[in-house]
Amino acid sequence: MSGQAAATLRRQSVSGLPTTRVLSWGRYPKIAHQYVHKPGWNDQVPGILQAAAPGSLLPHGLGRSYGDSCLNDGRQLIDCRRLNRILGFDEASGMIRCESGVSLSDIIDVTLSKGWFLSVTPGTRFVTIGGAVANDVHGKNHHCAGTFGAYVRQIALHRSNDGLVICNAEENPDMLHATIGGLGLTGVIAWADIQLKRVAGPWIDAECEPFESISSFLDLSRDSDGRFEYTVAWLDCFAGKNLRGIFFRGNHSADQGKDFHPRGGPRLPFAMPNWMLNRYSVKAFNKAYYTVHAYKESAEVVPYDSFFYPLDRVRRWNLVYGKNGFLQYQCVIPETRVDALEELLDRIAGSGMGSFLGVLKQFGSAPPAGMLSFPRPGLTIALDFAMRGERTLKLMQTLDEVVQQSGGALYPAKDARMSPALFEASFPHCHDFVSYIDPKMSSSFWRRVMGAR
Amino acid sequence: MSESTEAGRVKPPTGSFFAMKKIIVLGATSSIALEVQRQLARRGCQLLLVGRAPERLAEIQADLVVWGAKQVLTYSADLAVIQQHVGLMEFCRRAFFDFDTVLLAYGSMRNQKDCETSIEALREELQVNFVSAAALLTLFAADLERRRAGCLAAITSVAGDRGRRSNYVYGASKGALSLFLQGLRSRLHPVGVRVITIKPGPVQTPMTDHLPNSARFADPKEVGCDIANALESRSPDVLYTPRIWRYVMTAVQQIPETIFKRLAF
């Protein structure tokens, strides 16, 4: 697969067409782009939109989407990372106005010392505001806070056909609704107003609790969701029938006594050789991880970054899956279909292809903030699979069957291969969404699931 | 392309000494200047931003206030036009009179081939990168010399360390500025005014986006961090950033001209 892509790349560069390779976080698929625009200022964006051919552009941020939803095969990207100004922050109300390339990390750097934190944060701080809105990201507090989009009060959107459009609850509310979770297809966000939330400080009262079956996970989850703002579980998908995992839960701590010093971490220098990651090494890792957490002190006060962003400590951790990259599989299964979840885990355990990053979380019942929002009531599970060609894709197809049959859904931000049928089943509003797409925008993902246009 | 924002994680805000600083940035909308300003804002500095586009200056002004700058003023002028310097100096004396540091951060990199075929392009390149910069530095040097304190810093380039066939006009303009700073440093040393020559290697900015391999160039955030740290500390006189370029350029300068003239880069 990747060999082929590399050959295509070479051919294209030989033929003299300028091409740029931009990879998503999963480093699969390997795609060449015709051009990457890098505007430094919002005033340059309308010009880029005007000059482009229909269906040729896609805004791109820090590239933390795993699959192809942030890519635009053979066409163009607008790299928004230089549009990173914070245009205003009201310390009294916690409202912050950011350009689309501002990262969540920047927001935390600016606001945490003043007692404000993100109302919803995903598992990495290295995503842009644009990306967080476009994928309507969720976090460990979905059960009580909903998604990121629920805190977006206002968006200014560059549209190729009608200039700068302001979207809020009164003005263009449907465009706001479409842009949240809109996969970047509705236009380029000039700036967005985000509501932050008050916190006492950078500390989290965290607990971890081992569990050994789905039912005990559900018990823990039900018991914790009322008392804890943040809950999530790590899952050992190699344990097979006797499933096990660690349940993490936490609240913002009132503790302010300690000084907070952010720590840097290592960085993976290059793609790890493929043989390093096999069922034995992953099994051993999982066993060690489980043992350490099952026997360590269950309650402690930890810094927010190690609680929310443990993987950010290792920069470029995605290289651990080798040069072929990896696929992440995140689906949501209705709560009443625990049997489907068990079936899913069985199939994964049977394949021997799972990895160390199995995450399980119970979503709450907050209404979706966007037209194509992924989170919905049920159980969501996310797993990484190193890309091993056909074999990996086949396994994921068998998982799709279970998800579709149970009435669940797959998460576009993590996807590089779902079928149009599953997308349509997951997002019944996708046809209504089409009319909100900016005529100059398209993405690899969108063409794959909705047909080329 | 994703890891760059994480590189060069910023130093936490430091002591009160720096918080008192009043800094003028000439060419405040240049990519490297943007990163330096963020660092300075985090440390609570007061800033005067000078650039061409008033709306862009207003945008950065808002951002820097959020990042912690005590005060941010803006002044729009085309610094390449020497006639506009007087107005700037007047504004500084009036609204920002006790400034202690000046960072000159603007520059232009035209296509080398254009500069070989068009004398106008050549003249423009030298005017922007050297003549106007030297004029400004002279004005500010007079001011600081009278006060017997302060710091002048200017961004030149490693390209000024040796003339190369692929961009010697840019290199000459930056090299001339480096020499100018060298002399100025010597002149101002006795009165206690510091002069810093900043020589970045290739950096990922709009100026270099069109060059091959630009994805491998240094992260502006890292460079901005180095520069802010240099403004804060007492050393060095000449800052290479990223630091590896000090060693690279030392080696490059050793290559005999008979060999160097044959190298096609």
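Just so it is clear, the model here is predicted, and its values are computed rather than measured.

Asks: How should I be thinking about the overall build of chain A in this particular structure?
Replies: A tally of regular secondary structure across chain A gives 14 helices and 19 strands. The C-alpha atoms of chain A give a radius of gyration of 21 Å, which matches the 22 Å a tight globule of 453 residues would have. In terms of overall dimensions, chain A has C-alpha extents of about 60 × 55 × 40 Å along its principal axes. Nonlocal contacts in chain A, meaning residues at least 24 apart in sequence, comprise 75% of its contacts between residues at least 6 apart.

Asks: Even after reading the chapter, I still don't get the overall build of chain B, so can you show me in this structure?
Replies: Within chain B, the regular secondary structure consists of ten helices and seven strands. Its C-alpha radius of gyration of 18 Å places chain B within 12% of the 18 Å reference for a compact globule of 265 residues. Based on the C-alpha atoms only, the size of chain B along its principal axes is roughly 50 × 40 × 40 Å. Going through the 265 residues of chain B one by one, you find that 42% of them count as buried.

Asks: It is not clear to me how the domain arrangement of chain A should be interpreted in this structure. Could you clarify?
Replies: How big an interface is tends to be expressed through the accessible area that disappears when the partners come together. All names here are of chain A. Along its sequence, chain A is organised into domain 1 (2–79), domain 2 (86–200) and domain 3 (203–426). Inter-centroid distance (C-alpha atoms) of domain 1 to domain 3 is 29 Å. Considering only residue class, the side of domain 1 that touches domain 3 consists of four nonpolar, five polar and two charged.

Asks: What should I look at first to understand the pairing of strand E5 (residues 151–155) of chain B in this one?
Replies: Each regular strand carries side chains that alternate between the two faces of the sheet. Residues and elements named next belong to chain B. In terms of burial, E5 is largely enclosed, as five of its five residues are buried. Residues Cys-151, Ala-153 and Ile-155 of E5 are buried on one face, and the alternating residues Leu-152 and Ala-154, pointing to the opposite face, are buried as well. When strand E4 (residues 101–104) meets E5, the two strands line up parallel, connected through four bridges. Looking across to E5, one finds that Val-102 is bridged to Leu-152. In this sheet, strand E6 (residues 194–200) lies alongside E5 in parallel orientation, the contact comprising five bridges. Within E6, the residue paired with Cys-151 across the bridge is Arg-194. Handedness of the β-α-β unit built from E5, helix H7 (residues 168–188) and E6 comes out right-handed.

Asks: Looking at this structure, how should I read the sheet that holds E6(B)?
Replies: Backbone-to-backbone hydrogen bonds pair the strands of a sheet. The strands run either parallel or antiparallel. All names here are of chain B. As summarised here, the arrangement of the seven strands in space is E3-E2-E1-E4-E5-E6-E7, forming an open sheet in which the pairing is parallel. In the strand order of this sheet, the two ends are held by strand E3 (71–76) and strand E7 (238–241), each with one partner. Taken over all neighbouring pairs, the strand axes of this sheet differ in orientation by 15 degrees on average, direction set aside. In this sheet, E7 lies alongside E6 in parallel orientation, the contact comprising four bridges. Within E7, the position partnered with Thr-197 by the bridge is Val-238. Its contacts with the sheet place helix H6 (residues 119–147) against strand E1 (22–26), E4 and E5, and it is angled at close to 170 degrees to E5.

Asks: Is there a simple way to explain the interface of chain B and chain A in this structure?
Replies: Chain B puts 17 residues into the contact, and the matching count from chain A is 21 residues. Counting residues per element, the side of chain B that touches chain A draws most heavily on helix H3 (residues 54–66) of chain B, at seven residues. Among the residues forming the side of chain B that touches chain A, the class breakdown is six nonpolar, three polar and eight charged.

Asks: Looking at this structure, how should I read the packing of H6(B) against H7(B)?
Replies: To characterise two packed helices, one gives the angle between the axes of the helices and the distance between these axes. Residues and elements named next belong to chain B. Running from amino to carboxyl end, H6 crosses H7 at an angle of 15 degrees, the nearest separation of the two axes being 9 Å. One element, H6, and the other, H7, form an angle in the roughly parallel class. Every pair of crossing elements has a handedness; the one defined by H6 and H7 is right-handed. Seen from H6, the contacting residues are Leu-122, Glu-125, Leu-126, Asn-129, Phe-130, Ala-133, Ala-134, Leu-137, Ala-141 and Glu-145; seen from H7, they are Val-169, Tyr-170, Ser-173, Lys-174, Ala-176, Leu-177, Phe-180, Leu-184 and Leu-188. A class-by-class count of the residues in the contact of H6 with H7 yields 14 nonpolar, two polar and three charged.

Asks: How should the pairing of E4(B) be read in this particular structure?
Replies: Residue and element names in this part refer to chain B. What you see with E4 is no split at all: Thr-101 and Leu-103 on one side and Val-102 and Leu-104 on the other are buried throughout. Across four bridges, the pairing between E1 and E4 is parallel. Paired with Val-25 across the two strands is Leu-103, which belongs to E4.

Asks: Got a minute to help me understand the environment of Ala62(B) in this structure?
Replies: Within the fold, Ala62(B) resides in helix H3. C-alpha separation for the pair Ala62(B) and Val72(B), spaced ten residues apart in sequence, amounts to 8.5 Å. Not counting chain neighbours up to four residues away, the residues in contact with Ala62(B) comprise Arg85(A), Leu87(A) and Gly88(A).

Asks: Explain the sheet that holds strand E19 (residues 409–410) of chain A here, please?
Replies: All names here are of chain A. Across the sheet, which stays open at both edges, the eight strands sit in the order E15-E12-E14-E13-E17-E18-E16-E19 with antiparallel pairing between neighbours. Each edge of the open sheet carries a strand with a single partner, namely strand E15 (299–303) and E19. Bridge count for strand E17 (residues 358–363) against strand E18 (residues 378–386) is five bridges, and the pairing is antiparallel. Considered in E18, the bridge of Lys-361 is made with Thr-380. Its contacts with the sheet place helix H8 (residues 279–295) against strand E12 (203–211), strand E13 (230–236) and strand E14 (244–252), and it is angled at close to 50 degrees to E14. Sheet strands in contact with helix H11 (residues 390–406) are strand E16 (326–333), E18 and E19, and its direction is about 10 degrees off that of E16.

Asks: Any chance you could explain the nonpolar core here in plain terms?
Replies: Generally speaking, soluble globular proteins have nonpolar side chains that are buried together. Residues and elements named next belong to chain B. By size, the foremost hydrophobic cluster in this structure holds 191 residues, and its most contacted members are Val-25, Leu-26, Leu-104 and Leu-152. For this core, the leading source of residues is H6, giving eight residues. Filtering out sequence-adjacent residues up to four positions away, Leu-152 remains in contact with Val-102, Leu-137, Phe-140, Ala-141, Leu-144, Val-193 and Val-195.

Asks: For this particular structure, what's the right way to read helix H10 (residues 338–351) of chain A?
Replies: Since the α-helix packs 3.6 residues into each turn, any two residues three or four apart lie on the same face. Residues and elements named next belong to chain A. Compared with an ideal rise of 1.5 Å per residue, which puts 14 residues at 20 Å, H10 spans 20 Å between its outermost C-alpha atoms and is within 8% of the ideal. The set of residues buried in H10 consists of Ala-340, Leu-341, Leu-344, Leu-345 and Ile-348. Projected down its long axis, H10 shows its buried positions confined to an angular sector of 140 degrees, all on one face. When the buried face of H10 is taken as reference, the exposed residues oriented beyond 90 degrees from it are Asp-339 and Gly-350. Taken together, the buried residues of H10 touch helix H7 (214–225), E16, E18 and H11. At the exit of H10 stands Gly-352, carrying a positive phi of roughly 70 degrees.

Asks: I tried to follow unusual backbone geometry on my own but got confused; where do I start?
Replies: Residues other than glycine predominantly adopt negative phi, and peptide bonds predominantly adopt the trans conformation. Looking along the chain, the bond that leaves Tyr28(A) and enters Pro29(A) is cis, with omega of 0 degrees. The omega angle of the peptide bond from Thr241(B) to Pro242(B) is -10 degrees, so this bond is cis rather than trans. Structurally, Pro242(B) can be placed in the loop between E7 and helix H9 (244–254). A positive phi angle, close to 45 degrees, is found at Asn172(A), a residue other than glycine. Although it is not a glycine, Arg148(B) sits at a positive phi angle of roughly 55 degrees. Tracing the backbone through its elements, the reader meets Arg148(B) in the loop between H6 and E5.

Criteria and cut-off values
- Residues numbered from 1 in each chain as written.
- Chains lettered and ligands numbered in written order.
- Predicted model: local features only at pLDDT ≥ 70, side-chain atom pairs only at ≥ 80, totals over all residues.
- Helix = DSSP H or I, 4+ residues; strand = E, 2+ residues; numbered from the N terminus.
- Rg over C-alpha atoms; globule rule 2.2 N^0.38 Å.
- Contact = placed C-beta atoms within 7 Å.
- Buried ≥ 20, exposed ≤ 12 C-beta atoms within 10 Å, placed from the backbone.
- Domains from an automatic or database assignment.
- Nonpolar A, V, L, I, M, F, W, Y, C, P; charged D, E, K, R; others polar.
- Pairing = 2+ DSSP bridges.
- Right-handed = clockwise from strand over helix to strand, strands pointing away.
- Axes fitted to C-alpha atoms, helices over the stretch in contact; angles between N-to-C directions.
- Parallel < 35°, antiparallel > 145°, perpendicular 65-115°, else oblique.
- Left-handed = near helix turned anticlockwise from the far one by under 90°.
- Core = buried A, V, L, I, M, F, W, Y, C linked by C-beta atoms within 7 Å.
- Expected span 1.5 Å × (residues − 1).
- Arc of directions from axis to C-beta.

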